[in-house]
Amino acid sequence: MSSENLPLSPEASPEPGAGQQLRKPRVAVVFGGRSSEHGISVVTAGAILSAIDRTRYDVLPIGITTDGRWALTADEPERMAITDRKMPNVAEIADSVDGGVLLPVDPGNREVVYSEPGSVPKVLGDVDVVFPMLHGPYGEDGTIQGLLELSGVPYVGSGVLASAVGQDKDYMKRIFTSFGLDVGPYLVIRPREWRQDEAGARQRIAEFAGEHGWPLFIKPARAGSSIGITKVDSFEGLDEAIAEAQRHDPKILVEALLRGREIECGVLEFEDGPRASVPAEIPPVQSHDYYDFEAKYIDSTPGIVPAPLTPEQTEEIQRLAVEAFEAASCEGLVRADFFLTEDGRFVINEINTMPGFTPISMYPQMWEKSGVSYAELVDRLIQAALNRSTDLR
């Protein structure tokens, strides 16, 4: 990548009274990453790049490849879409296979540097805020949030603790239970337990199935987008399901089937605190056994927004969604997923601290129906991050 093709550094802010406008805040949109949700992260970033108001912000797209290299990418959202049922990836849209992007680690310095073997590093200018559109481990789980905290760079979304809790379904459920939120029956099989005593782990699952019945859902404890999840109807498919979950995370979760309706609710942080959107319902998927990755992103199964609930039910799920947001110490945004059981209870399944964010994703759709457009949603999240302290809060 030649230096003349590098993104231009924003002009330095003029002195007050110079008769010129201050430079626009610069937003680094970071996406891709090392998790199995790499592709949907790229798709989401494309939607964000299309929506950011370029009259208000300068934009720097930074992709993270599946092997962890930080790369400059072209600001071309059209290349970041699902094509012929195939997910995009950062390596295909990176400007160079050799160069890399370096973020500062000094809180007093927000300069981003581009480095290429055999060339003098190029300063790309300051970044004012990061929009980390990363899903799954090595991004949504508090890792990039910790890096940005060390760098003193503001960023969109929850901090280290809430991001880690939101990624690990084991500890997420423990926290929700401690705050009085209703969670469904589940069992955790930890890596050491599986390595040292597979027979004992299988026996625990057998006892769990004996108590709660089949089918069971076997899933990675720290993954999202329904990746690695298998619905198991008997012992015959159990080992294969465990192996599939462990491809994504050595710690696995076993969950009992909850019979009821799948209801989601968005939470967004406003100046006066978090507010909940109208809820949405995920209807039964006719062509899929459950709401899996393909149903969400490839076949685009439409949700019902707003969900057909009574006013009392709507008020209840909105209250619970905000309670979940507060229980996990979240910031910025969250999508809270519930089951409305046959006996009328709202049981929380999980929260997503960086939910799917394409225009067809449920979180933006819920806020669209609540009076906040996609572009306004993006702008509000950026502004909230810019106004947030980079110290302990």
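Residues numbered from 1 in each chain as written. Predicted model: local features only at pLDDT ≥ 70, side-chain atom pairs only at ≥ 80, totals over all residues. Heavy atoms only, no water.

A. Representation of the pattern of salt bridges within the structure. If you walk through the whole model with that rule in mind, you get 30 salt bridges. Glu92 is paired through a salt bridge with Lys86; the nearest N and O atoms lie 2.9 Å apart. Since its relative accessible area comes to 43%, Glu92 is described here as partly exposed. Of the charged contacts, one joins Asp272 and Arg275 as a salt bridge, the two residues approaching to 3.2 Å between their closest N and O atoms. Here Arg275 falls in the partly exposed class, since its relative accessible area comes to 39%. The network of salt bridges with shared partners includes Asp168, Asp170, Arg174, Arg190 and Lys251. (Salt bridge = Lys/Arg side-chain N within 4 Å of Asp/Glu carboxyl O. Buried < 20%, exposed > 50% of the residue type's maximum accessible area, 1.4 Å probe, protein only.)

B. A look at the environment of Leu161. Here Leu161 lies in helix α4 (residues 160–167). When the C-alpha positions of Leu161 and Gly146 are compared, they lie 9.3 Å apart, and in sequence the two are 15 residues distant. (Helix = DSSP H or I, 4+ residues; strand = E, 2+ residues; numbered from the N terminus.)

C. Fine view of helix α10 (residues 311–327). For α10, with 17 residues, the first-to-last C-alpha span of 24 Å sits near the 24 Å given by 1.5 Å per residue. Those residues of α10 that fall on the buried side of the exposure criterion are Thr314, Ile317, Leu320, Ala321, Ala324, Phe325 and Ala327. The buried side chains of α10 occupy one side of the element, clustering within an arc of 165° when seen end-on. In α10, the exposed positions angled more than 90 degrees off the buried face are occupied by Pro311, Glu312 and Glu315. On its buried side, α10 packs onto α5 (169–178), β12 (260–270), β13 (273–276), β15 (333–341) and β16 (346–352). At the exit of α10 stands Ser329, carrying a positive phi of roughly 60°. (Expected span 1.5 Å × (residues − 1). Arc of directions from axis to C-beta. Contact = heavy atoms within 4.5 Å.)

D. Structural context of the packing of aromatic side chains. Tallied over the full model, the rule gives 6 aromatic pairs. Each ring, one from Phe270 and one from Trp367, has its centre 5.9 Å from the other, and the planes form 50°; the classification is tilted. One end of the pair, Phe270, is in strand β12; the other, Trp367, is in helix α11 (residues 362–369), and 97 residues separate them in sequence. You'll find Phe270 and Trp367 in the same group, each marked buried. Three or more aromatic residues joined by ring pairs make a cluster, and in this case those are Phe131, Phe357, Tyr363 and Tyr374. One Lys or Arg, Lys173, reaches over the ring of Tyr186 and ends 5.5 Å from the middle of that ring. Positioned above the aromatic ring of Phe270 is the side chain of Arg275, whose terminal nitrogen or guanidinium carbon lies 4.0 Å from the ring centre. (Phe/Tyr/Trp six-rings, centres within 6.5 Å; stacked < 30°, edge-to-face > 60°. Lys NZ or Arg CZ within 6 Å of the ring centre and 35° of its normal.)

E. Inspection of the sheet that holds strand β9 (residues 216–220) at higher detail. Taken in spatial order, the 4 strands line up as β8-β11-β9-β10 in an open sheet, and their pairing is antiparallel. Only two strands of the sheet have a single partner each, and these edge strands are β8 (186–189) and β10 (230–232). With direction set aside, neighbouring strand axes in the sheet form an average angle of 25°. Relative to strand β11 (residues 252–256), β9 is paired through 5 bridges, and the arrangement is antiparallel. Among the inter-strand pairings, Lys219 is bridged to a residue of β11, identified as Leu253. Relative to the sheet, helix α7 (residues 198–212) contacts β8, β9 and β11, its axis offset from that of β8 by approximately 175°. (Pairing = 2+ DSSP bridges. Axes fitted to C-alpha atoms, helices over the stretch in contact; angles between N-to-C directions.)

F. Quick look at the layout of surface pockets. As a volume, the second largest pocket reaches approximately 210 Å³. Together, Glu149, Gly159, Val160, Leu161, Ala162, Ser329, Glu331, Asp391, Leu392 and Arg393 line the second largest pocket. A total of 3 residues in the lining of the second largest pocket trace back to one element, the largest contributor, which is α4. Residue classes in the lining of the second largest pocket are distributed as 4 nonpolar, 2 polar and 4 charged. (1 Å grid on protein atoms, 1.4 Å probe; cavity = no way out; pocket = protein on both sides within 12 Å on 5 of 7 lines; lining within 4 Å. Points joined across faces, edges and corners; volume = space filled by probe spheres on them. Nonpolar A, V, L, I, M, F, W, Y, C, P; charged D, E, K, R; others polar.)

G. Examining the environment of Gly332 more closely. Checked against the element boundaries, Gly332 lands in the loop between α10 and β15. A relative accessible area of 2% places Gly332 in the buried class. Separated by 64 residues in the primary sequence, Gly332 and Leu268 have C-alpha atoms spaced 5.9 Å apart. For Gly332, the residues in contact, after removing those within four places along its chain, are Val267, Leu268, Glu269, Phe325, Leu381 and Arg388.

H. Structural detail: helix α12 (residues 374–387). With 14 residues, α12 extends 20 Å between its outermost C-alpha atoms, agreeing within 8% with the 20 Å of an ideal straight helix rising 1.5 Å per residue. Those residues of α12 that are buried are in contact with β1 (26–32), α1 (38–51), β7 (129–133), β12, β15 and α11.

I. Just the sheet that holds β7, in detail. Pairing in this open sheet of 4 strands is mixed, and the strands run β3-β2-β1-β7 from one edge to the other. Each of the sheet's edge strands pairs with one partner strand only, and the pair in question is β3 (70–72) and β7. On average, adjacent strands in this sheet sit at an angle of 30° to one another, irrespective of strand direction. The pairing of strand β2 (residues 58–64) with β3 spans 3 bridges and is antiparallel.

J. Structural view of the pairing of β9. Of all the 5 residues making up β9, 5 are buried; the element is thus mostly covered by neighbouring parts of the structure. What you see with β9 is no split at all: Leu216, Ile218 and Pro220 on one side and Phe217 and Lys219 on the other are buried throughout. Where β9 lies against β10, 3 bridges are found, and the strand directions are antiparallel. Its bridge partner lying in β10, Leu216 is registered against Val232.

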